[in-house]
Amino acid sequence: MAPTLDELKKVCFSGNHPMNVYRNVSIRITWLLIHLPVSANFMTLFWIVLGITGAFLLGSSLYMYRVLGAFFIFLMPILDFVDGELARWRGTYSPHWGYLDWVGYWIMHLVALISLTYHFASTNPDYYLVGFLALFAFSMYEFVRLHQFRIVTNKNKLPPTRTRYPLIYRLYLVIRAGLLFEYIPLLLLVFALLDILQVYLFYFVIVFNCFWITKVAYEFFFGYKRTTGGVRSHAK
């Protein structure tokens, strides 16, 4: 017998998976899909292709195509939650596919920034510089957190991810939330509907430069508690 929505939530949501705008939608899609022969891995590939397609559409000269592209990207985090919920319900979680999630987002953001740069620079060459700065900021942000995205099948081998300064880490999370970091796809859709996608480029320049600089400073001054993988920690 098919589970109720509440039963599905008990399996898919734990203390580490709080409700948010995306999850309120994703759990209902998941409930529909568990009645169909749709695998979590298929959903992962689907939303990655969908998001990259949307990123290409952002470079279109037609308003409706840009909005459609932004909508495709907006669906990415929702469907990302769906594949995780399907995997939890069916007991088919794989760390390899979780790694692919990150790769998919990385490619999508790069293509989106390049597409938007091409779109705006075709009428104003100054946007080549803005686009470069946005790409640099995003690339640096991903570079300084690469250690978080390794395929580790044994949870006991995971490196420490918190320092002995939890208050500073919480402050970082507050700043992250205040900049609407978790809702970048939603912001993109709003900017597309308002036809002000150039703001999205400036958002990346400001926010992601702030994040990678903050991340480097945070790790340099507070660091990890122990040496891991040959990287020396300065924390005592």
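Our subject in this report is the structure included herewith.

Calculation rules
Position labels on residues start from 1 in each chain and follow its written sequence. Totals for whole chains, interfaces and linings use all residues, but because this is a predicted model, local features are given only for residues with pLDDT of at least 70 and pairs of side-chain atoms are given and counted only at 80 or more. Based on all heavy atoms of the structure, the side-chain values leave hydrogens and waters out of the count. To form a nonpolar core, buried Ala, Val, Leu, Ile, Met, Phe, Trp, Tyr and Cys residues must be joined to one another through side-chain atoms within 4.5 Å. Categorising residues by exposure relies on relative accessible area from a 1.4 Å probe, with only protein chains included: less than 20% of the type maximum marks a residue as buried, more than 50% marks it as exposed, and the intermediate range marks it as partly exposed. Segments assigned H or I by DSSP are reported as helices when at least four residues long, segments assigned E as strands when at least two residues long, and all are numbered from the N terminus. Contacts between residues were defined by any pair of non-hydrogen atoms, one from each residue, lying within 4.5 Å. Axis definition: a line fitted to C-alpha atoms, over the contacting stretch in the case of helices. Angles run 0 to 180 degrees between N-to-C directions. When an angle is under 35 degrees it counts as roughly parallel; over 145 it counts as roughly antiparallel; between 65 and 115 it counts as roughly perpendicular; any other value is oblique. Helix crossings get a hand from a simple test, with the near helix turned counterclockwise from the far one by less than a right angle marking a left-handed crossing and a clockwise turn marking a right-handed one. Charged residues are taken to be Asp, Glu, Lys and Arg, nonpolar residues to be Ala, Val, Leu, Ile, Met, Phe, Trp, Tyr, Cys and Pro, and polar residues to be all remaining types, Gly included. Each Phe, Tyr or Trp ring (for Trp, its six-membered ring) is paired with any other whose centre lies within 6.5 Å, and the angle between the two planes then decides the class: stacked below 30 degrees, edge-to-face above 60, tilted in between.

Attention now goes to the nonpolar core. With 58 residues, the main nonpolar core has Leu-58, Met-108, Leu-197, Leu-201, Phe-204 and Phe-208 as its most contacted residues. Every element with two or more residues in this core is listed here: helix H1 (5–12), helix H2 (21–33), helix H3 (40–57), helix H4 (63–90), helix H5 (95–121), helix H6 (127–143), helix H8 (184–193) and helix H9 (198–221). If one sorts the elements of this core by residue count, H4 sits on top with 11 residues. Excluding residues that lie within four positions of it along the chain, Leu-197 makes contacts with Leu-58, Arg-66, Leu-116, Phe-120, Leu-188, Phe-191 and Ala-192.

Another aspect to go through is the packing of H3 against H4. At a minimum axis distance of 8 Å, the contact between H3 and H4 shows a crossing angle of 165 degrees. As judged from the angle between their axes, H3 and H4 are roughly antiparallel. Classified by chirality, the crossing of H4 by H3 is left-handed. The residue makeup of the contact of H3 with H4, split by class, is 17 nonpolar, 5 polar and 3 charged.

Our next topic: the packing of aromatic side chains. In the structure shown here, the tally under the stated rule is 17 aromatic pairs. Arranged with centres 6.2 Å apart and planes meeting at 70 degrees, the rings of Tyr-127 and Phe-202 form a pair that is edge-to-face. You can see Tyr-127 sitting in helix H6 and its partner Phe-202 sitting in helix H9, a full 75 residues away along the chain. You can call Tyr-127 buried: its relative accessible area is 15%. Pairing Tyr-141 with Phe-211 gives two aromatic rings, centres 6.0 Å apart and planes at 50 degrees, and the pair type is tilted. Of this pair, Tyr-141 sits in helix H6 while Phe-211 sits in helix H9, and the two are 70 residues apart along the sequence. Site record: aromatic cluster; members linked through ring pairs are Phe-138, Tyr-141, Tyr-200, Tyr-203, Phe-204, Phe-208 and Phe-211.

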